Amino acid sequence: MGAGDGFRAPVAVITAGLLSVLGLSWFWSLLALLGVYLCSGGWRFLYVAACTIKRDLVGLQALLRVKSFMSHYVRTHSTVPSIFAQRVALHPEKAALVEESTGEVWSFSELDRRSNAVAQWAVAQGWTSGDVVAVFMESRPLMVALWLGMAKVGVEPALINFNLRRDSLMHCVGVSGARGMVFGAELLDVIERVGVNVGKRLHTSQVYQPAKKESLSYKSRLYGKSTMKGEREQKTDPVPEETPRNQDQEIEEKDTSVWHRQTDGRRACVTRVFLISDRLFYIYTSGTTGLPKAAIIVHSRYYRIAAFGYYSFGLRPDDVVYCCLPLYHSAGNIVGVGQCLLHGLTVVIRRKFSASRFWDDCIKYNCTVVQYIGEICRYLLSQPVRPSESHHQVRVAVGNGLRPNVWEEFMKRFNIRRIGEFYGATECNCSLANMDNKVGSCGFNSVILPSLYPIRLLRADEDTMELIRDSRGLCVPCKPGEPGIIVGRINPQDPLRRFDGYANQEATNKKIAHNVFKQGDSAYVSGDLMVMDEFGYVYFRDRGGDTYRWRGENVSTTEVEGILSALLNQTDVAVYGVSVPGVEGKAGMAAIADVTNDFNCETFLRDVQNALPSYARPVFLRLSPEVDKTGTFKIQKTRLQKEGFDPRQTSDRLFFLNSRLGRYESLTEELYSAIMQGKVSL
């Protein structure tokens, strides 16, 4: 409601009292009250309510359905594997997962069988409930079978970004507390480069590898086992030469104590009762500061994210979802694959996004739902017109980060009836969903009943991102149109409102604010700046803290600064994101202290390509005699971000990474103009 609501309420009370003294009837009293309410601005609230009530009822229905099912699953001690088992029983031979690269189709019963095999295999390795195992492979159905099978016996997979290399990879393995690691054959070279360091980061130093140079598929020879002693072991091959075993054959030959045969001959797992509040797996997120953090995904969070996507965007049991997003992300593995495991939809998994093959794939597999990030929609629009883009059956596109200027053109050109835009970090409890195709909005909160879904936009200092508080020490809500940080009230007893945080407790504590809405409460603080209009629609403004988003990935400036500084012999480096007209997210820029004036772009690029994934490599370079610092020797980026990559703003040497030529080239005023006009591809 508007700022005048606090005034209208006491006025109405006083008016009612006066009317009572005058002895007027209830009819005339109510009529007079309505007149006072409307004259003091209440008509605007009634107008907003009339415009949004249909939307709010749709949102309320989705919320109640999720709450109802969640309550049922809590009472019945259900988990993601047990809910999946219900889907298997309903339609065992229906297609569950399709691997686009091979055309292989896994039915629900096949996925169940393979995940059961993984569960037995995991127990055979000595892993028990509560153990963490790192999973490092490209997206494919096998990855789903791996984490689902581990979940059946309580083993907690840590899903690692397959683009990571060296220090970033080692950090993610270590921060999860993993006891073991499973990696795909396609990443064998990456593991060989880090060698024995992988074993040093694992708590029990166990690494599981596929056969060298083989593609990793379930029925191939799958995992070889080695024990790496780390510092206690003399120099050995980082990846020992042990003959990999055929997992199918191994499972048939051995039976373990956690399995028994039922009367009908099927195998069933005998283990402790798992709860919907138990940990399912870990997904890494850059957050708003520092190195990647392992966000805890419990069974209830997995269900909540997938179910909101299903009920908010009108998905149906007969839908076929096209997922070209990585499965180490919540968007691909929960919003996408979750529709298969929890709601019985078929999901087509493509290892890597291809703009030229996108619509052909959708036609080939009869897809009705596609997933996107903002960049994907822009890439598709940049493709030449082809017949397949108008002959598909896709009716819903689900994702986030779609720019308003791309939104309508995307719907019109590709004949998409519904955009399911949403907002929500992997670990947050303040997710939003756009349920009525409001262009540019990532969701809404009811103006009529704002407390029904306890999220708020709170005032914050945009430089420090610190929440602003009033004289009582409580946070200050934003007015319509005023930017603020979105937060979600924490209620540990409510599966929809709990905040599970990260594997690192210190990182968890940094995301929690206390005394937010009232004394003694707590809330998750997203760090993302948003704006809410008077109708309750929310629009993403910017990502706060030391993170920017590029190519659909969150990039931690702190992490990249550390890696670049190490490559340059601890030279001072400031990394930040800069906006480029017509391009999603922010391109990375690095300001480097070049005191000796002997910086070599070719050597730098070669080292960066070996150390960083493509989306984290600086698109722009700025070479300065020194980098701005605060009095406490912290890198200061305010001036650098303001000047951006405009050569007219500085005498420092600027460079641009020409991806087509594979080199950094001097950024002249002519090149700057071409980039600003969209004539040069980033």
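Residues numbered from 1 in each chain as written. Predicted model: local features only at pLDDT ≥ 70, side-chain atom pairs only at ≥ 80, totals over all residues. Heavy atoms only, no water.

> Account for the overall build of the protein chain, naming residues and giving values.
For the protein chain, the helix and strand inventory stands at 19 helices and 31 strands. Evaluated residue by residue, the protein chain yields a buried proportion of 55% over its 682 residues. Considering only intrachain contacts with a sequence separation of at least 6, the fraction spanning at least 24 residues in the protein chain is 68%. For the protein chain, the accessible area works out to roughly 29900 Å², and carbon and sulfur atoms hold 52% of it. (Helix = DSSP H or I, 4+ residues; strand = E, 2+ residues; numbered from the N terminus. Buried < 20%, exposed > 50% of the residue type's maximum accessible area, 1.4 Å probe, protein only. Contact = heavy atoms within 4.5 Å. Areas by Shrake-Rupley, 256 points an atom, 1.4 Å probe, with all protein chains shown as cover.)

> Could you give an account of the packing of aromatic side chains, naming the residues involved and the relevant values?
Counted according to the given criterion, the structure contains 24 aromatic pairs. Ring geometry for Phe-410 versus Phe-414: centroids 5.2 Å apart, planes at 65°, classification edge-to-face. With Phe-410 and Phe-414 both in helix 14 (residues 404-414) and 4 residues apart, this pair spans about one turn of that helix. Per residue, the accessibility class of Phe-410 equals that of Phe-414, and both read buried. Geometrically, the ring pair formed by Phe-620 and Phe-645 is stacked, given 4.1 Å between the ring centres and 10° between the ring planes. Of the two residues, Phe-620 sits in strand 29 (residues 620-624) while Phe-645 sits in the loop between helix 18 (638-643) and strand 30 (653-658), which places them 25 residues apart along the sequence. (Phe/Tyr/Trp six-rings, centres within 6.5 Å; stacked < 30°, edge-to-face > 60°.)

> For the packing of helix 4 (residues 108-124) against helix 5 (residues 141-152), give the residues involved together with the corresponding values.
Running from amino to carboxyl end, helix 4 crosses helix 5 at an angle of 60°, the nearest separation of the two axes being 7 Å. One finds that helix 4 runs oblique with respect to helix 5. Considering how the two elements wind past one another, helix 4 and helix 5 form a crossing that is right-handed. Contact residues: Leu-111, Asp-112, Arg-114, Ser-115, Asn-116, Val-118, Ala-119 and Trp-121 in helix 4; Ala-145, Leu-146, Leu-148, Gly-149, Met-150 and Lys-152 in helix 5. Of the residues that constitute the contact of helix 4 with helix 5, the class distribution is 8 nonpolar, 3 polar and 3 charged. (Axes fitted to C-alpha atoms, helices over the stretch in contact; angles between N-to-C directions. Parallel < 35°, antiparallel > 145°, perpendicular 65-115°, else oblique. Left-handed = near helix turned anticlockwise from the far one by under 90°. Nonpolar A, V, L, I, M, F, W, Y, C, P; charged D, E, K, R; others polar.)

> Provide a residue-level description of the side chain of Glu-665, including the pertinent values.
With respect to the element layout, Glu-665 can be found in strand 31 (residues 663-666). With no salt bridge to any partner, buried Glu-665 finds its closest opposite charge in Arg-663, at an N-O distance of 4.1 Å. With residues near it in sequence (within four places) discarded, Glu-665 still touches Leu-654, Phe-655, Phe-656, Asn-658 and Leu-671. (Lys, Arg positive; Asp, Glu negative; His and termini not counted. Salt bridge = Lys/Arg side-chain N within 4 Å of Asp/Glu carboxyl O.)

> Describe the pairing of strand 29, and please don't skip the residues or the numbers.
The element strand 29 is largely enclosed, with a buried count of 5 among its 5 residues. Along strand 29, one buried face is formed by Phe-620, Arg-622 and Ser-624 and the opposite face, lined by Leu-621 and Leu-623, is buried too. By the bridge criterion, 5 bridges tie strand 28 (residues 587-593) to strand 29 in an arrangement that is parallel. Bridge pairing in strand 29 places Ala-593 opposite Ser-624. Where the polypeptide runs from strand 28 across helix 17 (residues 601-611) and back to strand 29, its parallel neighbour, the crossover connection is right-handed. Bridge count between strand 29 and strand 30: 4 bridges; the pairing is antiparallel. By the bridge assignment, Phe-620 is partnered in strand 30 with Phe-656. (Pairing = 2+ DSSP bridges. Right-handed = clockwise from strand over helix to strand, strands pointing away.)

> Can you lay out the confidence of the model for the protein chain for me, pointing to particular residues and giving the numbers?
Here the protein chain averages 82 in pLDDT, and 79% of its residues register 70 or above. In the predicted structure, residues 1-11 sits below a pLDDT of 50 and forms 7 contacts with residues beyond four places in sequence or in another chain. Here residues 209-271 scores under 50 on pLDDT; set against residues more than four positions off or in separate chains, the count is 130 contacts. (pLDDT = per-residue confidence, 0-100.)

> Break down helix 17 for me, with residues and values.
All of the buried residues in helix 17 are Cys-601, Phe-604, Leu-605, Val-608 and Ala-611. For helix 17, the angular spread of buried residues about the axis comes to 135°, placing them on one side. Against helix 16 (557-567), strand 28, strand 29, strand 30 and strand 31 lie the buried residues of helix 17. If you check the start of helix 17, you find a side-chain oxygen 3.0 Å away from the backbone N of Glu-602, and it comes from Asn-600. (Arc of directions from axis to C-beta. Polar contact = N/O pair within 3.5 Å; in protein donor to acceptor, adjacent residues only side chain to side chain.)

> Describe the sheet that holds strand 31, naming the residues involved and giving the relevant values.
Spatially, 5 strands are ordered 27-28-29-30-31 in an open sheet, and the strand pairing comes out mixed. Of all strands in the sheet, those bounded by a partner on one side alone are strand 27 (573-578) and strand 31. For this sheet the average axis-to-axis angle between neighbouring strands, irrespective of direction, equals 25°. Here strand 27 runs beside strand 28; their pairing, made up of 6 bridges, is antiparallel. Across the sheet, the residue bridging to Ala-574 is Ala-591, located in strand 28. The sheet contacts of helix 16 involve strand 27 and strand 28, and relative to strand 27 the element is tilted by about 140°. Sheet strands in contact with helix 17 are strand 28, strand 29, strand 30 and strand 31, and its direction is about 145° off that of strand 31.

> Describe the pattern of salt bridges, listing the residues and the values that go with them.
If you walk through the whole model with that rule in mind, you get 29 salt bridges. We note a salt bridge from Glu-110 to Arg-113, for which the minimum N-O separation is 3.1 Å. One end of the pair, Glu-110, and the other, Arg-113, are both in helix 4, 3 residues apart, so they sit about a helical turn from each other. On the basis of relative accessible area, Glu-110 is assigned to the buried category, the value being 17%. Three or more residues joined by partner-sharing salt bridges are found here, namely Glu-100, Arg-350, Arg-357, Asp-360 and Asp-361.

> Give a description of helix 11 (residues 330-343) that names residues and reports values.
Compared with the 20 Å implied by 1.5 Å per residue over 14 residues, the 17 Å span of helix 11 between its first and last C-alpha is markedly short. In the structure, helix 11 departs most strongly from a straight axis at Val-337, where the bend amounts to approximately 40°. Across the 14 residues that make up helix 11, a large majority, 14, are buried. Positive phi appears at Gly-344, one or two residues downstream of helix 11, with a value of about 80°. (Expected span 1.5 Å × (residues − 1). Bend = angle between axes of the 7 residues up to and from the residue.)

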